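Residue strings, one per chain:
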Amino acid sequence: LMEGVEDMPGSALHEGVPFDWETFPEYLAAVERLDHDIDVAAQVPHGALRLYVMGGRGARREPATAEEIGEMGRLVAEAVRAGALGFTTSRTLNHRTSTGDSTPTLTAAEEELVGIAEAMGETGAGVMELISDFPDGLAEFQRLRHMVERSGRPLTISLAQQGSSDAYRGMLWLLDAVASEGLPMKAQVAARPIGALFGLQATFSPFASNPAYADVADLPFDERLAALADPAVRARILAAESPDDAGRFDDLYLLGEPPDYEQPPERSVGGRARTEGRPPAELAYDAMVADGGTGFLYFPFANYVDGDFEAIREMLLHPQTLVGLGDGGAHVGTICDGSNVTTMLTHWTRDRTRGERLELPWVVHALTRRNAEAVGLLDRGVVAPGYKADLNVIDLDNLTLHAPEMRFDLPAGGKRLLQRVDGYVATIVSGRVIARDGTPTGALPGRLVRGAQPAPM
């Protein structure tokens, strides 16, 4: 699942993670033994839990017995008592293993979800997070509602604009309805489109389905780049492009430096190509091999149905949503959304020209205290005596996000996407400066946060 869903190199996981634990309390102890620059916390993943209790039956998504549900609930309660923040599960077809199998939790029955939630609820602590495709709409929402009703614990779901441009509004309406009844259910929404990066260094290429590109696709990077620079190879790949597939380039964008995530549709690869009077595949090919093959093409597959950020703004400002879905550290060769926080501070409060901006105090509050409260960390998110001394000193006028770049610094030479930022003058954790102007100082005051934290007296 980590290789498939999160696009993390298996070699990096095998070499870089000792896997010297079995139970969740043992896992937390292993995390606690490591040094950290920032505080970290953990939640219990349903996929690993289901496989541990049910073995191969769990992976094959067979129904859990009452005894197995009871054991899963017992282990989640044990984990929460040991310091887990809560429980997470996935019910989306987009989450697949590296061999293409769906996640073990995709079709878990309501009895299983509610049984686990009830067991966690008996601890009086923990939050629940869930992603779903809502295949049967209201029926799925009712299952989630029952998890909250029977456990008394808060739940958040992921929400994005997909397919029908205004389908997300139905979910916001449902969240308003349950909020009026006092049920703690909210949605996590992203600061910008959820998008994949395509390129020679990325996991995916814009020419992955091109039969001529298949001849060079598996070559080592340097050899592939050299082959693609050959005019004959270029001509062969472009000639193999199907005219019926040309429309896919209308959803691809050149991000630029600094990156622009809210470009109008006419600035897409397809739109630019029409303006320039050239085939869109040609423009995409040239962009892919430019700068030594290190550039990326951006494919916003959610939150950009209308070609702007208006739906995102509506979701961000809704009272039943939280700013989330950042994917920092995951999808290392495909998605680079750890920079969403910087997008909130730059694009939304200062740089946006295609619609209304957001007020800076609201953004800071949404990124700090509101999210801290949502997961029960009441000791932080406020600048006041007695609270956690975690601060960023920011030069907002010069805060600048740079284009994504690929680094090869994971264990076993594994790759990961990063984005550099200028303008974070100092980052302070527990009163100690851990970075100045984006450069680590070597201070490691971070710690494992075990469970919900009370507000200072």
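This structure is a prediction, so every number in the text was calculated from the model and none was measured.

Undergrad: What's the story with the overall build of the protein chain in this structure? I'm lost.
TA: Summing up its helical and strand segments, the protein chain has 16 helices and 17 strands in all. The C-alpha radius of gyration computed for the protein chain amounts to 23 Å, which stays within 12% of the reference 23 Å derived for 457 residues, consistent with globular compactness. Taking the principal axes of its C-alpha atoms as reference, the protein chain extends roughly 65 × 50 × 45 Å. For the protein chain, restricting intrachain contacts to residue pairs at least 6 apart in sequence, the fraction spanning at least 24 positions comes to 70%.

Undergrad: Any chance you could explain the packing of helix α3 (residues 46-54) against helix α6 (residues 110-121) here in plain terms?
TA: Put simply, α3 and α6 touch, their axes get as near as 13 Å, and they point 100° apart. Relative to α6, α3 is oriented roughly perpendicular. Between α3 and α6, the residues in contact are His46, Leu49 and Arg50 and Glu112, Leu113 and Ile116, respectively.

Undergrad: Hey, could you run me through the sheet that holds strand β10 (residues 391-394) in this one?
TA: Pairing between the strands of a sheet comes from backbone hydrogen bonds, and it takes one of two forms, parallel or antiparallel. Spatially, four strands are ordered β10-β15-β16-β17 in an open sheet, and the strand pairing comes out antiparallel. Each edge of the open sheet is held by one strand with a lone partner, namely β10 and β17 (439-440). Pairing between strand β16 (residues 432-436) and β17: two bridges, direction antiparallel. When the sheet's bridge partners are listed, Ala435 is paired in β17 with Pro440.

Undergrad: How should the pairing of strand β15 (residues 424-429) be read in this particular structure?
TA: In regular strands, side chains alternate between the two faces of the sheet. Two elements, β10 and β15, share four bridges in a ladder whose sense is antiparallel. Within the sheet, the bridge partner assigned to Val393 lies in β15 and is Ala426. Direction of pairing for β15 relative to β16: antiparallel, over a ladder of four bridges. Its bridge partner being in β16, Val429 is matched across the sheet by Arg432. With antiparallel pairing between neighbouring strands as the criterion, β15 and β16 make up a hairpin whose turn holds two residues, including Ser430 at a positive phi of roughly 50°.

Undergrad: Would you take a moment to explain empty space enclosed by the protein for this structure?
TA: Over the atoms rolls a probe the size of a water molecule, and in doing so it shows where empty space is left. Inspection of every chain in the model, using the stated rule, returns two cavities of 30 Å³ or more. By volume, the largest cavity amounts to about 40 Å³. In terms of lining, the largest cavity is formed by Arg192, Gly195, Leu197, Leu255, Tyr261, Tyr298, Cys336, Asp337 and Pro404. For the lining of the largest cavity, the residue count by class is six nonpolar, one polar and two charged. Size it by volume and the second largest cavity reaches roughly 30 Å³. Lining the second largest cavity are Tyr253, Asp260, Tyr261, Gln263, Tyr298 and Tyr304.

Undergrad: What exactly am I supposed to notice about unusual backbone geometry here?
TA: Negative phi characterises most residues that are not glycine, and trans characterises most peptide bonds. In this chain, Glu257 is followed by Pro258 through a cis amide linkage whose omega measures 0°. At Asn303, a residue that is not glycine, the phi angle is positive and equals roughly 70°. The phi dihedral of Ser430 is positive, around 50°, even though this residue is not glycine. On the accessibility criterion, Ser430 (36% relative accessible area) is partly exposed.

Undergrad: Sorry, what's going on with the side chain of His331 here?
TA: Inspection of the secondary structure assignment puts His331 in the loop between β9 (321-323) and α14 (340-351). Looking at His331, the relative accessible area reads 11%, which means it is buried. If sequence neighbours within four positions are ignored, His331 has contacts with Val5, Glu6, Asp7 and Leu417.

Undergrad: Explain the layout of surface pockets here, please?
TA: There is about 420 Å³ of room inside the second largest pocket. Along its surface, the second largest pocket is lined by 18 residues, and Asp291, Thr294, Gly295, Phe296 and Ala403 are the ones closest to its centre. Where the lining of the second largest pocket is concerned, the elements lending two or more residues are α12 (280-293) and β12 (405-407). Looking at the lining of the second largest pocket, the element that brings in the most residues is α12, giving three residues. Counted by class, the lining of the second largest pocket contains nine nonpolar, five polar and four charged residues.

Undergrad: I tried to follow the pairing of strand β3 (residues 127-132) on my own but got confused; where do I start?
TA: Pairing of strand β2 (residues 86-91) with β3, which is carried by six bridges, proceeds in the parallel orientation. Residue pairing across strands places Gly86 opposite Val127, the latter belonging to β3. Each parallel crossover has a hand, and the one from β2 via α6 to β3 is right-handed. For the crossover that starts at β3, traverses helix α7 (residues 138-151) and ends in the parallel strand β4 (residues 155-158), the hand is right-handed.

Analysis parameters
Residues numbered from 1 in each chain as written. Predicted model: local features only at pLDDT ≥ 70, side-chain atom pairs only at ≥ 80, totals over all residues. Heavy atoms only, no water. Helix = DSSP H or I, 4+ residues; strand = E, 2+ residues; numbered from the N terminus. Rg over C-alpha atoms; globule rule 2.2 N^0.38 Å. Contact = heavy atoms within 4.5 Å. Axes fitted to C-alpha atoms, helices over the stretch in contact; angles between N-to-C directions. Parallel < 35°, antiparallel > 145°, perpendicular 65-115°, else oblique. Pairing = 2+ DSSP bridges. 1 Å grid on protein atoms, 1.4 Å probe; cavity = no way out; pocket = protein on both sides within 12 Å on 5 of 7 lines; lining within 4 Å. Points joined across faces, edges and corners; volume = space filled by probe spheres on them. Nonpolar A, V, L, I, M, F, W, Y, C, P; charged D, E, K, R; others polar. Buried < 20%, exposed > 50% of the residue type's maximum accessible area, 1.4 Å probe, protein only. Right-handed = clockwise from strand over helix to strand, strands pointing away.

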